[in-house]
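# Survey of secondary and tertiary structure
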Amino acid sequence: MDDYLPILILIILGFLFAALSFVGSAMLAPKKRPTAAKIAPYECGIVPTIEPPTRFPVRFYLVAMIFIIFDIEIVFLYPFAVIFRQLRSFGLVEVLVFAAVVFVSFLFLVSNGALTWGPAKQLVRAMPSRTSESTIARITAGPGGPGGYRDPSGPGPGGTRTTDPVPPITGDPAAPAGPVRAA
Amino acid sequence: MAAVMHGVLLAATATGHASLVDWGTFVVAAAIVLSGAIGVVVARNPVHSALMLVMTLFGIAVLFVLQRDDFLAAVQVIVYAGAIVVLFLFVIMFLGVDRDENIATEPLRGQRPLAVALVALGVTGLLLLGEVSKWTTGALSVAGSTDSSTSNVAQLGTSVYTTYLFPFEVTSALLVIAVVGAVALARRPPAVVTAPDPDDELVDESAPAAADAHQEVTP
Amino acid sequence: MSTLLFAAASGAYGAKIHTPHIDYLSILPILIMMGGAVLLVTASSLFRQVMGVGSATFITVGTAIATLVAALFQWDHVVTHGAKVTIAGSIAYDGFSVFIQIVVAIAMLLTALIADGYLKREGIDGPEFHVLAMLSASGAMLMGSANDLIVIFLGLEILSIALYVLAAFNHKRAESGEAALKYFVLGAFSSAVFVYGIALVYGATGSSNLPQIADYLSKNVVASNGVLLAGLALLLVGFGFKIAAVPFHMWSPDVYQGSPSPVTGLMAAIAKAGAFAALLRVFVSSFGTLRADWQPIVWGIAILSLVVGAFAALVQKDIKRMMAYSSINHAGFILLGVQAATVRGVSASLYYLFAYMFMVIGTFAVITVVARDGDSGHQLTDYRGLGKRQPLLALAFAVLLLAQAGAPFTTGFLAKFTVVAAAVDIHSYALAVIAMASAAVAAFFYLRVVVAMYSPVGAVGDLSDLDAGELDAGPISVASPANAPVSVHGQNDAVASLSVLTEGPPTSAVADRMVRVPGLTTVAIGLSVGFTIVFGIIPGPIVDFAHQATLLFT
């Protein structure tokens, strides 16, 4: 029966943890709970009859899928962890080859920006030094200058940067390109 | 009923004679599994359903341990209770946690009686097959008996890392396909035009890929 | 702490596990193909800015050629040293497997050449296409040399999952996504059926290793073999789906039509090569003792495929759908060799796979270029007047189609002849007669395309103001203006000759304008046509090759 003592302790610990979580959240949480009316989309008495259709960027699902893929690796690593001493270097090489190949896919993900969140951060990286000097340099360089203009109405990625040498000055996408070209 | 339970228990324990602790563990785990499974179906809140599913999966893991299948038990917890349910929760959170499911209406007409009928049919079939059929089967296991002194995770590991070494290595290619394929499919269609974003018009020539990548998340 | 760890370590050191010997030569082509894909992923991740479609094509073509060279080296080695089973029984290293590696490597090479022009035209960026194609090819190669049901299943999954993604690769076409979804759902279902079959066979014989299964079946008389036969049937369903044999063919017309054209060619060539290789190895070699049980079923599937494929293709207006039914018909022919289950039958099937690979990839290369920008011109009417506008292209297409129909002096004729001969050999006269009748019916729809190509365009008259300069600029790539210069860059002398020879009067309709044939695609079409004709006239080498591959079948 002694063998089951650790299990008993574990069960007690589990219950303690659960109980503490409840007590802790009850003590620490703000007392004012939002009511259903308060968290409604329109806080003015209009009750939405149908759920508004929501669309999610496919990126979220991508992250979820990638999580599963890398989680699956555990299935292989667990038996390896049990017998890696008996396998000696042979097993180590095996697992390293496996891990290296999977790591390549991780590298691919990072370089593709699949794990980068939000557009804003990327945009900061996309134009690293946009100072007044660089803007002046860009304008004076004229056609063929360092800056490229992304035509918002043009096609997206896939070699889409048009060679249209129009550096916008104001940062307003609607700004006509005419004056610059004339200059 | 008791005889059936005893039979199930005998099947559940590898030694053939069930000790009191085995019996007790089985009953508790089975109760957890069943109540969890019922909870998944009955719970109105999808998050509660998912948590009930976790409970069921843990119960099954305990049953696996009872059958001396350490590996399956661990994988059950790590992959199913860990990853798959997290994925479920992920999606549930997206679609709205506070959405109550009205379980009184049936989206598919007649699916409940059909489900009951199918389950009854399946169980009957299994019992009949176990009783009637005398189909020949070959050797019991390629990796040796699970009743030996070494743990069966070690046995499985030995199998995977020696006999099935090549399939194991090749699996990595499958994972690469999964990642590359997911990225290729999730990529924004090139011809679709996004609304002009005030921050979006200046793109550094030297980093087209990065600039392309970020656009996907623009709703 | 460290001493404790050390003590535990030394305690566990006792029993060293016997590790298998790895014969790298036996898996060299697979390793090269997979390595090429991984290399391409790595390179494109590290040098994302400089890697375009061109460099991805370069790496892919290099990998395919290296794979081919390695496979030829293997062939030499197998012929001199004999066949063997390597890596703990999971890989069969014999003439048969090497043959399949060669077929798949060539298919990959041709597809890479065709896809280059296609990707540039459609403005699809990035190396993913090539990575997935290479991995898919490695899956087919794996199926060819698999000696264990588990390895076959892994090969099948690698082959299929990559193809599911490739089918969806053209974002601009809604059909592409639809095709991928259909292929994925049905393919996943068939994979499940297949793996269930593996489980039952394993339960019945106690092994998933093919020679061990054969050994068990030859030593034991299975009295009540319900589990075994059920497993066998499920395996056949799984294979039947992959080779698109009736009645498991439902996916193929939609998927063939929707997938990007180069992908369809690759799919038709390597999925058939890989699945037929595994089918032959499992059924003829492992379950040879159960021949009496499965032969009638394969007989029925073959007849259904021959008849349905030929007659359904007759009524198709879309050329890719037509090719899908034609590929079902071809699957029926190859099944003739499987059904024979003799050395002659297996070698005939292998020869057929080799010939079919060149024919179908060449055909889809032409379809790719004729479809124009957007990959949409697949109607039969799009081919009207092609013979006048671009005689060389039309001639190449005619040759490939006639070869598929089984015209003499092409490999297609010999392929059909050998499988029918194999069927006659085991006295399956009915099957042989039906096969020949279906070939006659099939010839009709192939000829329909040829006739369309050489018939004048309906309403010419209206000569527009299009001049030669505009024609040379190629199709107006509305979606991706930035790609036009790249495509022009890819032209070479061969294309120029193709273009110069076309003097058809330009008309106002876009459909009547010339299509541009990228240089690399020209090479691929040239190779396909060359192989089809040269080895159709001099059949000896390839027939011997297939025969020898079968003799070295373990």
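Residues numbered from 1 in each chain as written. Chains lettered and ligands numbered in written order. Predicted model: local features only at pLDDT ≥ 70, side-chain atom pairs only at ≥ 80, totals over all residues.

## Structural notes on the overall build of chain A
Scanning chain A from terminus to terminus reveals 5 helices and 1 strand. Counted from the first residue to the last, chain A has its helices and strands arranged as α-α-α-α-β-α. Looking at chain A as a whole, 21% of its 183 residues qualify as buried. When contacts within chain A are restricted to residue pairs at least 6 apart in sequence, long-range pairs at least 24 apart make up 15% of them. (Helix = DSSP H or I, 4+ residues; strand = E, 2+ residues; numbered from the N terminus. Buried ≥ 20, exposed ≤ 12 C-beta atoms within 10 Å, placed from the backbone. Contact = placed C-beta atoms within 7 Å.)

## Brief notes about the nonpolar core
In this structure, Ala107(C), Ala273(C), Leu336(C) and Met357(C) are the most contacted members of the largest nonpolar core, which totals 240 residues. The greatest single-element share of this core, amounting to 20 residues, is contributed by helix α14 (residues 343-370) of chain C. Apart from the residues within four sequence positions on either side, Met357(C) is in contact with Val103(C), Ile106(C), Ala107(C), Ala269(C) and Ala273(C). With 11 residues, the next largest nonpolar core counts Phe26(B), Ala29(B), Ile60(B) and Leu66(B) among its residues. (Core = buried A, V, L, I, M, F, W, Y, C linked by C-beta atoms within 7 Å.)

## What about unusual backbone geometry?
All names here are of chain C. Here Val-246 and Pro-247 are connected by a cis peptide whose omega angle stands at 5°. Residue position: Pro-247 is located in the loop between α9 (226-242) and α10 (251-258). The backbone of Ala-244 sits at a positive phi, close to 55°, despite the residue not being glycine. Mapped onto the secondary structure, Ala-244 falls in the loop between α9 and α10. Here the phi dihedral of Phe-409 falls at roughly 65°; this positive angle occurs in a residue that is not glycine. Looking at the element boundaries, Phe-409 is found in the loop between α16 (391-405) and α17 (411-425). When the 15 C-beta atoms within 10 Å are taken as the criterion, Phe-409 is described as partly exposed.

## Side note on the packing of α16(C) against helix α22 (residues 519-537) of chain C
Residue and element names in this part refer to chain C. The interhelical angle for the contact between α16 and α22, taken along N-to-C directions, is 50°, at an axis separation of 10 Å. Our classification of the angle between α16 and α22 gives oblique. Between α16 and α22 the crossing geometry is left-handed. Residues Ala-396, Val-399, Leu-400 and Ala-403 of α16 form the contact with α22, whose own contacting residues are Ile-525, Ser-528, Val-529, Thr-532, Ile-533 and Gly-536. Grouping the amino acids of the contact of α16 with α22 by side-chain chemistry returns 7 nonpolar, 3 polar and no charged. (Axes fitted to C-alpha atoms, helices over the stretch in contact; angles between N-to-C directions. Parallel < 35°, antiparallel > 145°, perpendicular 65-115°, else oblique. Left-handed = near helix turned anticlockwise from the far one by under 90°. Nonpolar A, V, L, I, M, F, W, Y, C, P; charged D, E, K, R; others polar.)

## Regarding the packing of helix α7 (residues 174-205) of chain C against α9(C)
In helix packing, the relevant descriptors are the interaxial angle and the interaxial distance, both defined with respect to the helix axes. Residues and elements named next belong to chain C. In the contact formed by α7 and α9, the axes pass within 7 Å of each other and the chain directions differ by 150°. Here α7 is positioned roughly antiparallel relative to α9, judged by the angle of their axes. Between α7 and α9 lies a crossing of left-handed hand. Residues Ser-190, Ser-191, Val-193, Phe-194, Tyr-196, Gly-197, Leu-200, Val-201, Gly-203, Ala-204 and Thr-205 of α7 touch α9, and the partners they reach there are Val-227, Leu-228, Ala-230, Gly-231, Leu-232, Leu-234, Leu-235, Val-237, Gly-238 and Phe-241. Grouping the constituent residues of the contact of α7 with α9 by class yields 14 nonpolar, 7 polar and no charged.

## Some points on helix α18 (residues 429-454) of chain C
All names here are of chain C. Taking 1.5 Å per residue, 26 residues should reach 38 Å; α18 reaches 37 Å between its end C-alpha atoms and fits that length. For α18, the set of buried residues is Leu-431, Ala-435, Ser-438, Ala-439, Ala-442, Phe-445, Tyr-446, Val-450 and Met-453. Next to the buried residues of α18 lie α12 (291-314), α13 (319-340), α15 (386-389), α16 and α17. (Expected span 1.5 Å × (residues − 1).)

## Focus: the confidence of the model for chain A
All names here are of chain A. Averaged over every residue, the pLDDT of chain A is 69; residues scoring 70 or more account for 55%. Element-level mean pLDDT values for chain A span from 38 in helix α5 (residues 178-182) up to 93 in helix α1 (residues 5-28). Below a pLDDT of 50 lies the segment residues 120-127, which in the model reaches 20 contacts outside its immediate sequence neighbourhood of four places, other chains included. Every residue in residues 144-183 scores below 50 in pLDDT, and together they form 79 contacts with partners more than four places removed in sequence or on other chains. (pLDDT = per-residue confidence, 0-100.)

## What about the environment of Tyr454(C)?
Residues and elements named next belong to chain C. Among the structural elements, Tyr-454 can be located in helix α18. Take Tyr-454: there are 16 C-beta atoms within 10 Å of it, and that puts it in the partly exposed class. In this structure, the C-alpha to C-alpha distance between Tyr-454 and Pro-391, residues 63 residues apart in sequence, is 9.0 Å. Once residues within four sequence positions are removed from consideration, Tyr-454 is found in contact with Gly-387 and Ala-394.

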